[in-house]
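Chain residues, written in single-letter form:
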Amino acid sequence: MFAARQSLTGIFEMAVKESLDYGFLLLAHVICADQQIHSHESRALRDLAQQVHIHELTLQEMEKILGQDDTHITLEESAKNVPVGRRSEVLRQILAVAYIDGYFSPLEREVVNQISKIWGIYEHEIESMLEDAQGFSQWRISNKTAVDGDKSGLSVGAKLLKGAESVLSKSLVTRLTELAPEHIGEKIERLQREILLSGPEYDEAIQLCAQIAKEDFKYADQALRVTFSALRDLGNGIQQVIHTIKQKTVEQGEYQTAKDVAKQLEQTQQNLSSEILHNLESVREALRAKQRSLNHFSIAFMGRTKAGKSTLHAVITGEGWDSIGIGKQRTTRYNRVYEWKNIRIIDTPGIGAPGGKTDEEIAQSVIEEADVICYVVTDDSIQESEFAFLKVLKDKTKPLIILLNIQYNLRDSRRLEYFLKDPERWFAKEGKSGIGGHLNRIKRYAQQHYANDYLTIVPVMLLAAQLAQESEYEKCSKQLFKASRIQDFLDSIRASLIDYGAIRRSQTLLGSTVGSINTPHQWIAQQATAYDALAAQLREKRQNLNQQLKKAEKDYQDELQQNIREIFQSAFDQVNPFAEMHWEANEHQMKSGWKEVLNRLVFEKRLKSAAESACQHFQNEVQEAIEEIGNELKIINQLQSSSFQFSEQDSNFFDKDFVRITGMVMVAAGTILAFVFPPLGLLSVAGGIASWLAGQFKSRDQKRHEAVENISTSLNRQLDEQQEKVLQQSKENFENYCQSVASAVDDYFEELIQGIEAIANQLRSATGRLTNAANYLNRAYAKRIVDWATEQPESLTDISISKKIRKVNRDFGRTLQIHTTTALSLARSQDEICTILQENVSIQPTQR
């Protein structure tokens, strides 16, 4: 029975598997690739599925993918189950959807690369497909698509699917227009709270926002292009520095200093290049975000998980109620986008939600394009940790509205009745259940992480607004909606759009874009300072090292000379005993005997060992000195990390990688050590020692005495001569050896310093270009602020900027000092300017 049941289960699973259209499921994965699920995209995909009669089981799996259900079929499983014969056409369908706006986002490209890798399709084949459809370049950045509504993406999609025979491909061609960003919102039903965006004021505000955005984008585009170019040139420039060093031919024996220095700097270059590429990608994505949001006023909901963001989204848009309720969690895993009448409402995953850092990164991905951030917190858990995310918003100078969601279980009938009797008590600042303490705590945390308290706090009860939409509470729905105070929030949004929409757009396109430049600018400036400091420190260390090596040379030279004298003294001590024993020997016997004495004393070996020992001691001194330099620089780097920072990999430069140069120096030393002391020896005694034979009438004792004296005198004289010769030769050779080592070290340091200074020059040059790009945007932003503050708007041009703006000093996200060419009459108060822009802004004429 069990086996039969297993067999039936297997048959059922096989039937389900065969019923699924995995190629269609891949289209759902691609729509989710950029981590933003647009309501119009998911609706168009559902309509497409109905048109081509997609099986119900496939539709169920599609909904799981769009909802990011934990049990959804993965991208990998979907790709593996697409029949081989269908893969080429499915890939073209995927590319048509991914390239609908003429641009591959990195996340879309990653999904396509994953699929093609599973199918064994090379990246160049994909590039070839796109190039055939329209000259595609992964570095393509064009503002024409965003500004002028270029439909190149649609034509690319049509060309990609040209000749495809399947019903899905043919239907997809007709649906591309509905999926295209240019037509977002054309068939979307009106917002439930139409009062939010109705009337001529709204239409005028939208028109003004569109005009402002079109002009401002040109400046943002230009500044980001300059930034992109500066970063790209910096990467190429650093590579050129390494290449130039490699081309040098500075050599010491077999030791090629320049090549070793190049190797030393290559790790640093790789680390810098990695960060540069990261910044390049950030700049590209910043520009992409500006393009995506160009025709829309965007509001993003953020906050910790289960704070009420999805409920807020549903209240405003009328969508998503089915995913909200008791026991429902993780209603938003990707950024969910709702668009209508040039407004975008974006619901993000929870900060600190299960799933970790990825969810936070997904939420951060919309900051660039959002004009207003609504940060949702609850009164039951206001913790400092959830406000740490505000620093990310401040780094982008994003206007902030904090929504305090007061949580109270209104689904209990008695509590609901009690609440409706006096809803205002729940919003009172004072009293036992007052929210004053919550408001003060929010302001304190915001001041700490957002750097100022120029923000709006709106208390609401989202559950009351939610119940107002449920049929069960229809009788008191109006009372619930009013009691929820959600209208206060809607009014603040309306004010942001109608009253401040134009300046908010300039904040997004000009003011906060400076952040995309400021981030790499700060990093590059820090690196330039670090490399300048490192070069200066290395010069100082090299000078100290030279002095240390000179002292070490003298010390070990003295030690070597002393050791040589001691070795010779041992030979001197053997002269008299030798003469006494060999006074009757012939010359051949004496030479053989004296050689035996020297061998017994290990004379030559000791001399050579003394020389090697002196060289080794000097080498050790060099190594310890260089290691000490590496350790000192590492400590300095740690102590001064507030002023400049190297990456963890770069810290190796001060540690084992830096000390690696001692090994290079030892290579230089080894080539000299082999010839410092050639073989030496005292292998003969001068002739004439046996002249005692001539004195036949002398006594034997007298003859012995004269022979011993003669032998001793001759040997001592030869030893004296040899000692002076060895001392002189050892001195010259040791000096040459030490100078060669010192020269190798000095050459290495000089090449290293020059390489570091060359990198610093590249960094300073890039810093200057980024400073100019930031100033370019700050001046344009300052002009917009002045126009708004004086209520005298005009077109943004370089000439109009120069006429009004003298200079701008900005501590990004904190203070903005605008110096005008003349005194101006402001129509807005200083407090209003700072509150709306959420920066400490001052406008004053330049003092002559």
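It should be emphasised that the depicted structure is a prediction, and the values quoted were computed from it without experimental measurement. (Residues numbered from 1 in each chain as written. Predicted model: local features only at pLDDT ≥ 70, side-chain atom pairs only at ≥ 80, totals over all residues. Heavy atoms only, no water.)

**Concerning the packing of helix α14 (residues 309–317) against helix α22 (residues 486–499)**
Where α14 contacts α22, the axes come no closer than 12 Å and their chain directions differ by 75 degrees. Taken together, the axis directions place α14 and α22 in an arrangement best described as roughly perpendicular. Taken together, the residues of α22 that come into contact with α14 (itself represented by Leu 312, Val 315 and Ile 316) are Ile 486, Phe 489 and Leu 490. The residue makeup of the contact of α14 with α22, split by class, is six nonpolar, no polar and no charged. (Axes fitted to C-alpha atoms, helices over the stretch in contact; angles between N-to-C directions. Helix = DSSP H or I, 4+ residues; strand = E, 2+ residues; numbered from the N terminus. Parallel < 35°, antiparallel > 145°, perpendicular 65-115°, else oblique. Contact = heavy atoms within 4.5 Å. Nonpolar A, V, L, I, M, F, W, Y, C, P; charged D, E, K, R; others polar.)

**Examining the confidence of the model for the protein chain**
Reading fine detail from the predicted coordinates is not recommended where pLDDT is low. Chain-level pLDDT for the protein chain is 75 on average; 70% of the residues reach the 70-or-more range. Mean pLDDT in the protein chain bottoms out at helix α9 (residues 143–148), which sits at 37, and peaks at helix α30 (residues 798–804), which reaches 94. Low pLDDT (under 50) marks residues 678–683, which in the prediction has 17 contacts with non-local residues, meaning those over four places away or in another chain. In this model residues 685–694 is a low-confidence stretch, pLDDT under 50, and it forms 20 contacts with partners more than four residues away in sequence or in other chains. (pLDDT = per-residue confidence, 0-100.)

**Some remarks on helix α23 (residues 501–511)**
For α23, the buried fraction is high: 10 of the 11 residues fall into the buried class. The set of residues buried in α23 consists of Gly 501, Ile 503, Arg 504, Arg 505, Ser 506, Gln 507, Thr 508, Leu 509, Leu 510 and Gly 511. (Buried < 20%, exposed > 50% of the residue type's maximum accessible area, 1.4 Å probe, protein only.)

**So, the nonpolar core**
Membership of the largest hydrophobic core comes to 106 residues, with the highest contact counts inside it found for Phe 618, Phe 734, Ile 785 and Ile 818. Once residues within four sequence positions are removed from consideration, Ile 785 is found in contact with Ile 503, Leu 816, Ile 818, Leu 837, Val 841 and Ile 843. Counting residues in each nonpolar core, the second largest holds 69 residues, with Val 337, Leu 462, Cys 476 and Leu 490 among its members. (Core = buried A, V, L, I, M, F, W, Y, C linked by side-chain atoms within 4.5 Å.)

**Overview of the packing of aromatic side chains**
Under the defined criterion, the tally for this structure stands at 11 aromatic pairs. When the ring of Tyr 408 is compared with that of Trp 426, the centres are 4.2 Å apart and the planes differ by 35 degrees; the resulting orientation is tilted. Placement of Tyr 408 in the loop between β8 (400–405) and α18 (413–421) and of Trp 426 in the loop between α18 and α19 (436–450) is noted, with a sequence separation of 18 residues between them. As far as the burial class goes, Tyr 408 and Trp 426 line up, both buried. Ring geometry for Phe 618 versus Tyr 737: centroids 6.2 Å apart, planes at 70 degrees, classification edge-to-face. Separated by 119 residues along the polypeptide, Phe 618 in helix α26 (residues 603–639) and Tyr 737 in helix α29 (residues 700–790) bring together distant segments of the chain. With respect to burial, Phe 618 and Tyr 737 carry one shared label: buried. (Phe/Tyr/Trp six-rings, centres within 6.5 Å; stacked < 30°, edge-to-face > 60°.)

**What about the sheet that holds strand β10 (residues 805–811)?**
If you trace the three strands from one edge of the open sheet to the other, you get β10-β11-β12, paired in mixed fashion. The sheet terminates laterally at β10 and β12 (840–845), the two strands that pair on one side only. This sheet shows a mean twist of 10 degrees between the axes of neighbouring strands, independent of strand direction. (Pairing = 2+ DSSP bridges.)

**Observations regarding the pairing of strand β9 (residues 456–460)**
Where burial is concerned, most of β9 is hidden: four out of the five residues are buried. Note: β8 against β9, five bridges, orientation parallel. In the sheet register, Leu 404 faces β9, and the bridge partner there is Pro 459.

**Considerations on the pattern of salt bridges**
The final tally for this structure, using the stated rule, is 29 salt bridges. Taking the shortest distance from any N to any O, the salt bridge between Asp 422 and Arg 425 comes out at 3.6 Å. For Asp 422, a relative accessible area of 31% puts it in the partly exposed group. You can call Arg 425 partly exposed: its relative accessible area is 34%. With a closest N to O distance of 2.8 Å, Glu 794 and Lys 783 form a salt bridge. Of this pair, Glu 794 sits in the loop between α29 and α30 while Lys 783 sits in helix α29, and the two are 11 residues apart along the sequence. Residue classification places Lys 783 among the buried positions, given a relative accessible area of 0%. Beyond isolated ion pairs, a larger network of salt bridges with shared partners links Arg 539, Arg 542, Asp 746, Glu 750 and Glu 757. (Salt bridge = Lys/Arg side-chain N within 4 Å of Asp/Glu carboxyl O.)

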